[in-house]
Amino acid sequence: MPRTKGDHEARRRDVSEAVWQVMAARGFTGLTLRAVAAELDATTGLLTHYFPTKRALVEYALDLLEQRTLSRPRRDSGRGMAALRDALLDMLPLTSEATDSNRIWVSSWDAALSDPALSADYGRKYAASRDRLSERVAAAQELGELRIGDPAEIAAGAQSFVLGLVVQALFAPAAFPPQRQVQLLDDYLAALVAPDRSDARQSAQR
């Protein structure tokens, strides 16, 4: 009996899930056709219909990672500082799903750095993320919630802080549990608030 389009789509979903499970369990460096085939309980020959080369598997895995990252539910607390905080919280490994995504992202850096095309693509992704953060920084400045300064520079600093926190939380989860990650982020953001807002907060705490 010939395979239907529904059969093909179902198999493709199975392959996607197998690729994700391998990356979540072994990291990006453990992603091989053999590992995916074992997870799928299939032969490597079957997988070559989807991934004729290791590069094709890598590109597919990166696309899958981006799709899953973008499809995760996002926080939406409002405008200004709240919106900036939401965007930064969404980057942190605060849940098991976010931890898996971040582990895969970090483990994929080596592959990206060794491939000029992938490296350039990653550079564009992080630049686009900074641009989105810059928009939120500018909005918070307009509301008087953040100190005056170049939104792009503030966004770059915030992105760098969060990515560093991601790495520490992945390597030392006991030392950087979700609650501490949130507190460290809030402390970082507190240093960026507009002077009058900062004074008001200090007076309220006395």
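Computed from a predicted model, the values in this text were never measured in an experiment.

Draft legend 1. Quick peek at the side chain of S16. Within the secondary structure layout, S16 lies in helix α1 (residues 5-26). Note on S16: relative accessible area 13%, which makes it buried. Once you skip the residues sitting within four places of it in the chain, S16 turns out to touch Y60 and L64.

Draft legend 2. The arrangement of the layout of surface pockets in detail. Here the largest pocket defines a volume of roughly 780 Å³. At the level of elements, α4 (54-71), α5 (81-89), α6 (96-113), α7 (116-142) and α8 (151-171) are the ones that each hand at least two residues to the lining of the largest pocket. Taken as a whole, the second largest pocket spans an internal volume of roughly 150 Å³. R72, P73, R74, R75, L89, D90, L92, L94, T95, E97 and A98 are the residues that line the second largest pocket. The residue inventory of the lining of the second largest pocket, partitioned by class, reads 5 nonpolar, 1 polar and 5 charged.

Draft legend 3. Layout of unusual backbone geometry. Although it is not a glycine, D41 adopts a positive phi angle of roughly 55°. For D41, the position within the fold is in the loop between α2 (33-40) and α3 (44-47).

Draft legend 4. Quick peek at the pattern of salt bridges. Using the criterion set out here, one finds 7 salt bridges in the structure. Of the charged contacts in the structure, one is a salt bridge between K125 and E66, with a shortest N-O distance of 3.5 Å. Taken together, the residues span a long stretch of sequence, with K125 in helix α7 and E66 in helix α4 at a distance of 59 residues. Under the relative-accessibility criterion, K125 is labelled partly exposed at 23%. Close ionic contact of D90 with R75 constitutes a salt bridge, the shortest N to O distance being 2.6 Å. Residue D90 is found in the loop between α5 and α6, and its partner R75 is found in the loop between α4 and α5; the two are separated by 15 residues along the sequence.

Draft legend 5. Fine view of the nonpolar core. Residues V19, M23, F28, L31 and F51 are the most contacted members of the largest nonpolar core, which totals 28 residues. Of all elements in the fold, only α1, α2, α4, α6 and α7 reach the threshold of two or more residues within this core. Setting aside residues no more than four positions away along its own chain, F51 makes contact with V15, V19, L33, A56, L57 and Y60.

Draft legend 6. Representation of the packing of aromatic side chains within the structure. Considering all chains together, one arrives at 5 aromatic pairs under this definition. Ring plane angle 55° and centroid distance 5.1 Å describe the contact between F51 and Y60, whose orientation is recorded as tilted. Look at Y122 and Y126: their rings are 6.4 Å apart centre to centre, the planes differ by 70°, and that puts the pair in the edge-to-face class. With Y122 and Y126 both in helix α7 and 4 residues apart, the pair spans about one turn of that helix. On the accessibility criterion, Y122 (6% relative accessible area) is buried. Through a chain of ring-to-ring contacts, three or more aromatic side chains come together here, namely Y50, F51 and Y60. Geometry around F176 places R180 over its ring, the cationic atom sitting 4.5 Å from the centre.

The rules behind these values
Residues numbered from 1 in each chain as written. Predicted model: local features only at pLDDT ≥ 70, side-chain atom pairs only at ≥ 80, totals over all residues. Heavy atoms only, no water. Helix = DSSP H or I, 4+ residues; strand = E, 2+ residues; numbered from the N terminus. Buried < 20%, exposed > 50% of the residue type's maximum accessible area, 1.4 Å probe, protein only. Contact = heavy atoms within 4.5 Å. 1 Å grid on protein atoms, 1.4 Å probe; cavity = no way out; pocket = protein on both sides within 12 Å on 5 of 7 lines; lining within 4 Å. Points joined across faces, edges and corners; volume = space filled by probe spheres on them. Nonpolar A, V, L, I, M, F, W, Y, C, P; charged D, E, K, R; others polar. Salt bridge = Lys/Arg side-chain N within 4 Å of Asp/Glu carboxyl O. Core = buried A, V, L, I, M, F, W, Y, C linked by side-chain atoms within 4.5 Å. Phe/Tyr/Trp six-rings, centres within 6.5 Å; stacked < 30°, edge-to-face > 60°. Lys NZ or Arg CZ within 6 Å of the ring centre and 35° of its normal.

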